[in-house]
Amino acid sequence: MADLIDLKELQEKVILIAVSTGEEDHTEASLDELEELAATAGAVTIARVTQNRERVHPGTYLGKGKIDEVRDLIWELGATGVVCDDELSPAQLRNLEDALDTKVMDRTMVILDIFAARANTREGKIQVELAQLKYRAVRLVGMRNSLSRLGGGIGTRGPGEKKLETDRRLIHQRIGQLKEELEDVKRHREVTRQQREKNFALTAAIVGYTNAGKSTLLNRLTGAGILAEDKLFATLDPTTRSFYLEDGQQILLTDTVGFIRKLPHHLIEAFKSTLEEARYSDIILHVVDCANPQMDMQMHVVKETLRELEIVDKTVVTVFNKTDRFREMESEGQPLQQVPRDFSSDYQVRISAKTGEGLDELEKIFLTIIRSRRVLLEKVYAYSQAGRIQTIRKYGQLLEEEYRDDGIAVKAYVPAELFAELYSD
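Cut-offs applied
- Residues numbered from 1 in each chain as written.
- Predicted model: local features only at pLDDT ≥ 70, side-chain atom pairs only at ≥ 80, totals over all residues.
- Heavy atoms only, no water.
- UniProt positions renumbered as here; feature names shortened; annotations may be inferred.
- Patch = residues over 30% accessible without salt bridge, like charges linked within 9 Å, V, L, I, M, F, W, Y side chains within 5 Å.
- Areas by Shrake-Rupley, 256 points an atom, 1.4 Å probe, with all protein chains shown as cover.
- Salt bridge = Lys/Arg side-chain N within 4 Å of Asp/Glu carboxyl O.
- Helix = DSSP H or I, 4+ residues; strand = E, 2+ residues; numbered from the N terminus.
- Phe/Tyr/Trp six-rings, centres within 6.5 Å; stacked < 30°, edge-to-face > 60°.
- Buried < 20%, exposed > 50% of the residue type's maximum accessible area, 1.4 Å probe, protein only.
- Lys NZ or Arg CZ within 6 Å of the ring centre and 35° of its normal.
- Core = buried A, V, L, I, M, F, W, Y, C linked by side-chain atoms within 4.5 Å.
- Contact = heavy atoms within 4.5 Å.
- Pairing = 2+ DSSP bridges.
- Axes fitted to C-alpha atoms, helices over the stretch in contact; angles between N-to-C directions.
- pLDDT = per-residue confidence, 0-100.
- 1 Å grid on protein atoms, 1.4 Å probe; cavity = no way out; pocket = protein on both sides within 12 Å on 5 of 7 lines; lining within 4 Å.
- Points joined across faces, edges and corners; volume = space filled by probe spheres on them.
- Nonpolar A, V, L, I, M, F, W, Y, C, P; charged D, E, K, R; others polar.

- The protein chain is annotated in an unreviewed UniProt entry as GTPase HflX of Enterocloster citroniae.
- Per UniProt, the protein chain has the following entry under Sequence similarities (unreviewed entry): "Belongs to the TRAFAC class OBG-HflX-like GTPase superfamily. HflX GTPase family."
- Here the protein chain is described in UniProt, under the heading Subcellular location (unreviewed entry), as follows: "Cytoplasm".

Right under this line is the structure:
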C-alpha cells in the first residue's frame, strides 16, 4: 500500500515583506492582516521583513541589501515563497523572482485566490475569473516563471488557472466574453430590483470591513443560514433576505462582500455589479467590529470604498457589533478606544449579533426610518373599495380601522408613492 502524503508538507511556508514609507502606512497592522489573508489562502507565515524607504523601489520593490537578507531567510527557514504587502508591477514581480529565486506573490494575488475558493454563484465565479484574468493579462511572463518554480498553490486556483498558458489575445477574448455574461447577470438583477420596488419595501445593504459580523447579523435577523465564520471573506456572494418587523412591515436586507484595506482595483471593478445593491438601497447598514483595535482605520476604509463606488447620500446606520467582546477585552485590561461613536452617520447602535443584544434598538431605528418615508393617510372608504384596505395592509402600516355606516374609516402610514392612488376616489 502506498504511503499517505502528509498534507502538512504541502502547505506553503511564506515570508511576508513590506515597504514602510512613513508612520501613516500602519505597516505592522497591514502585515497582521496580510498574515490572516495568507492563512485563509492556506499558507503559514514563518517570518516578516519590513524595509523603511522613502518610496518603494520601482524595479524590485525592496532595495538590494534587503533582498539579500530575504534570500538568506528563504534558505535558512525553507520558505516556499514570499508575499508582498502591495500590488507589484509586472517588472517588480519578474525582477524580484529572479533576485530571490522563489515564488513571489502580492496582496492582490492572495485576495484573488481566496475569492476563487469562495465564489459559489454563477455571478461570483464570473466576477472572480474576470478579476483574475485582468490581473494576469499584464503579468503573463512573470506568472509563467512563478508557476514553473513551484507548480501550484496560492495564485493558481479558480477558473482563471485554465487561461494562464494561453496568449494575451485569447485572454482578452475571454475577458470580453465574461463582461457580456456579467451584463446578462446585471440585467437579471435589475429586473429583480424593479420587482422589489413594486413591493415598496425598504432595502438595506449590509456593508463593512471583512469579518465585522455582517453575515452573522443577517443570519440573526432573518435566519438566512449563510456561512458565518471567523475568517476573512467567509462569504463572497450577495444574499438578500426579508426581515419582518414586529408590526409586520418588511425590510429587504442584502449582505455584500467585505471590504479590506488596499482592496485591489481589479476587484472593485469586477464586483461593481454586486456592490450596486448598496447603490440602489435605501439604507446603508455599516457593521463595525468595535472590539477591533483597528476600528477607526476599518471604518475609514469602508467609507472611502463607498465614496469610490459613488454610494453617497444614503441613510447610514452604523452598527457597532461585538459589544460583548468589547466588554470582555475591557475587563481583561486590554487597551481599547473609548465608547465607539460615528458622528458621520444618521443613526448608531451597539449590538452583539452573536448574542442578540441591542437588536431591539436596531429594529426601532428601522421603524423610525420607515415612518420618516411614509405619509399619514386618513380616509373613509366605501365598502365597494375594501380592496384598498388590503393594499394598505400589504405595503403600509394600518393604525386604525373602523367600520361605520358611511364606510370604512382608515388611519394609516403608506409609502409616499402610493398616497395619491390610495387617496383618490
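From this point on, the discussion continues.
**Brief notes about a nonpolar patch on the surface**
- Residues Val44, Ile46 and Leu77 make up a contiguous nonpolar surface patch of about 190 Å² in total accessible area.
- Relative to the elements of secondary structure, Leu77 occurs in helix α3 (residues 64–77).

**Digging into the packing of aromatic side chains**
- A full pass over the atoms with the stated rule returns three aromatic pairs.
- Between Phe419 and Tyr423 the ring centres are 5.4 Å apart and the planes differ by 15°, which places this aromatic pair in the stacked class. Here the residue Phe419 and the residue Tyr423 both occupy positions in helix α16 (residues 416–423), the gap between them amounting to four residues, near one helical turn.
- By relative accessible area, Phe419 is classed as partly exposed at 24%.
- Here Tyr423 falls in the partly exposed class, since its relative accessible area comes to 43%.
- Directly above the aromatic system of Tyr381 lies the positively charged group of Lys379, at a separation of 5.6 Å from the ring centroid.
- In this arrangement the basic side chain of Lys379 is found over the ring face of Tyr423, its NZ or CZ atom lying 5.2 Å from the centre.

**Focus: the nonpolar core**
- Ranked by size, the top nonpolar core spans 61 residues in total, and within it Ile15, Ile17, Tyr61 and Leu96 carry the most contacts.
- Broken down by element, the residue count for this core peaks at seven residues, all from helix α5 (residues 107–118).
- Look past the residues within four positions of Leu96 in its chain and what remains in contact with it is Ile17, Thr60, Tyr61, Ile67, Cys84, Leu88 and Val104.
- Among the nonpolar cores identified, the runner-up in size contains 26 residues, and Leu221, Leu285, Val317 and Val349 belong to it.

**With respect to the sheet that holds strand β5 (residues 202–208)**
- Pairing is mixed across the open sheet formed by six strands, whose spatial order is β6-β7-β5-β8-β9-β10. The sheet is open, and its two edges are formed by β6 (239–244) and β10 (347–350), each paired on a single side. Each strand axis lies, on average, 25° off the axis of its neighbour in the sheet, ignoring direction.
- Direction of pairing for strand β9 (residues 315–321) relative to β10: parallel, over a ladder of four bridges.

**Digging into the confidence of the model for the protein chain**
- Here the protein chain averages 83 in pLDDT, and 84% of its residues register 70 or above.
- Across residues 1–9 the pLDDT falls below 50, and counting only partners more than four positions away or on other chains, this stretch makes one contact in the model.

**Points about the pattern of salt bridges**
- Per the stated rule, a full pass over the model turns up 23 salt bridges.
- In this structure, the salt-bridge partner of Arg327 is Glu357, at a minimum N-O distance of 2.8 Å. One end of the pair, Arg327, is in helix α13 (residues 323–331); the other, Glu357, is in the loop between β10 and α14 (359–372), with 30 residues separating them in the sequence.
- Assessed through its relative accessible area of 31%, Glu357 is described here as partly exposed.
- Taken together, the salt bridges that share partners define one network made up of Glu33, Asp85, Asp86, Arg107, Arg261 and Lys262.

**A word on empty space enclosed by the protein**
- Going through the model one piece at a time under the given rule, you end up with three cavities of 30 Å³ or more.
- Quantified by volume, the largest cavity comes out at close to 50 Å³.
- Forming the walls of the largest cavity are Phe115, Val257, Gly258, Phe259, Leu263, Leu267, Ile268, Phe271 and Leu275.
- Considering only residue class, the lining of the largest cavity consists of eight nonpolar, one polar and no charged.

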